[in-house]
Amino acid sequence: VVSQVDLAHPGDLRGSICVRPPDGQLAAAISRAGRGAKMRIKINYEADGRVTDASIEVGSRDRDLDRAALTWAKKVKLCPGAAGVGILPLDLTLPD
C-alpha cells in the first residue's frame, strides 16, 4: 500500500527506515477514501530512531486518510543515528 515516490527530497527519510509498522489500518483508510494520494509527512526523531512527532506537510485532502498516515508514520522506527527532522514521502495506492 505504501510505495516509494520517484522524486527524492532533501531530508528524505525513506532510506533510514529500519522497521515499517503494519499498514492494515492505512490500507483500510485508503479503501474508504476510494483513492490513493501522494503525501509528505514531517517527522521529528531521536538518535535511537524513535519518532517523537509527525505532522502533515502535504496532505491527501481526506481527513481520515491523513490521520491514518500520521498514526502509521508515528510508529515507524528509523535506524539509529543522529536525532533530527526529515520528510517521509508516501505514495499511497488503492489495494489490489
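All values reported here derive from a predicted model rather than from experimental measurement.

Student: Would you take a moment to explain the nonpolar core for this structure?
Tutor: The tendency in soluble globular proteins is for nonpolar side chains to be buried as a group. The biggest cluster of nonpolar side chains holds 23 residues, and the ones touching the most others in it are Leu26, Ile41, Ile43, Leu88 and Leu90. Secondary-structure elements contributing two or more residues to this core are helix H1 (24–33), strand E3 (37–45), strand E4 (51–58), helix H2 (63–74) and strand E6 (84–92). When residues in this core are grouped by element, the largest group, six residues, is from H2.

Student: What am I meant to see in H1 here?
Tutor: An α-helix turns once per 3.6 residues; consequently, residues spaced three or four apart project the same way. Turning to H1, its buried residues number three or more, namely Leu26, Ala27, Ala29 and Ile30. What you see down the axis of H1 is that its buried residues fit within an arc of 160°, all on one side. Among the exposed residues of H1, those oriented more than 90 degrees off its buried face are Gln25 and Arg32. Just beyond H1, the residue with positive phi is Gly34, at close to 75°.

Student: Would you mind going over the pairing of E3 with me for this structure?
Tutor: Along any regular strand, the residues point their side chains to alternate faces of the sheet. Alternating positions in E3 separate cleanly, Ala37, Met39, Ile41, Ile43 and Tyr45 being buried on one face and Lys38, Arg40, Lys42 and Asn44 remaining unburied on the opposite face. Note: E3 against E6, nine bridges, orientation antiparallel. Looking across to E6, one finds that Tyr45 is bridged to Gly84. Bridge count for E3 against E4 is six bridges, and the pairing is antiparallel. Note that in E4 the partner of Asn44 across the bridge is Asp53. Linkage of E3 to E4, two consecutive antiparallel strands, is achieved through a turn of five residues, within which Gly49 is found at a positive phi near 95°.

Student: Help me understand the packing of H1 against H2 in this model?
Tutor: Between H1 and H2, the shortest axis-to-axis distance is 9 Å and the interhelical angle comes to 165°. Of the possible angle classes, the one that applies to H1 and H2 is roughly antiparallel. The crossing of H1 and H2 is left-handed. Contacts between H1 and H2 pair Gln25, Leu26, Ala29, Ile30 and Ala33 from the former with Asp64, Leu65, Ala68, Ala69 and Trp72 from the latter. Residues that form the contact of H1 with H2 fall into these classes: eight nonpolar, one polar and one charged.

Student: Hey, could you run me through the confidence of the model for the chain in this one?
Tutor: When pLDDT drops low, the exact placement of atoms in the prediction is not to be read closely. Per-chain confidence: the chain averages 89 in pLDDT, with 90% of residues scoring 70 or above. Across the chain, element-level confidence peaks in E4 with a mean pLDDT of 97 and bottoms out in strand E1 (residues 2–3) with 48. Residue range residues 3–7 is modelled with pLDDT below 50. Its contacts to residues more than four positions away, or to other chains, number ten contacts.

Student: What should I look at first to understand the pattern of salt bridges in this one?
Tutor: When the charged atoms of two side chains with opposite charge come close together, those side chains can pair. Per the stated rule, a full pass over the model turns up four salt bridges. As a salt-bridge pair, Arg40 and Glu57 come within 2.6 Å of each other at their nearest N and O atoms. One end of the pair, Arg40, is in strand E3; the other, Glu57, is in strand E4, and 17 residues separate them in sequence. For Glu57, a relative accessible area of 40% corresponds to the partly exposed category. Across the pair Arg50 and Asp48 runs a salt bridge whose closest N-O atoms are separated by 3.1 Å. Classification of Arg50 by relative accessible area gives partly exposed; the value is 43%.

Thresholds applied
- Residues numbered from 1 in each chain as written.
- Predicted model: local features only at pLDDT ≥ 70, side-chain atom pairs only at ≥ 80, totals over all residues.
- Heavy atoms only, no water.
- Core = buried A, V, L, I, M, F, W, Y, C linked by side-chain atoms within 4.5 Å.
- Buried < 20%, exposed > 50% of the residue type's maximum accessible area, 1.4 Å probe, protein only.
- Helix = DSSP H or I, 4+ residues; strand = E, 2+ residues; numbered from the N terminus.
- Arc of directions from axis to C-beta.
- Pairing = 2+ DSSP bridges.
- Axes fitted to C-alpha atoms, helices over the stretch in contact; angles between N-to-C directions.
- Parallel < 35°, antiparallel > 145°, perpendicular 65-115°, else oblique.
- Left-handed = near helix turned anticlockwise from the far one by under 90°.
- Contact = heavy atoms within 4.5 Å.
- Nonpolar A, V, L, I, M, F, W, Y, C, P; charged D, E, K, R; others polar.
- pLDDT = per-residue confidence, 0-100.
- Salt bridge = Lys/Arg side-chain N within 4 Å of Asp/Glu carboxyl O.

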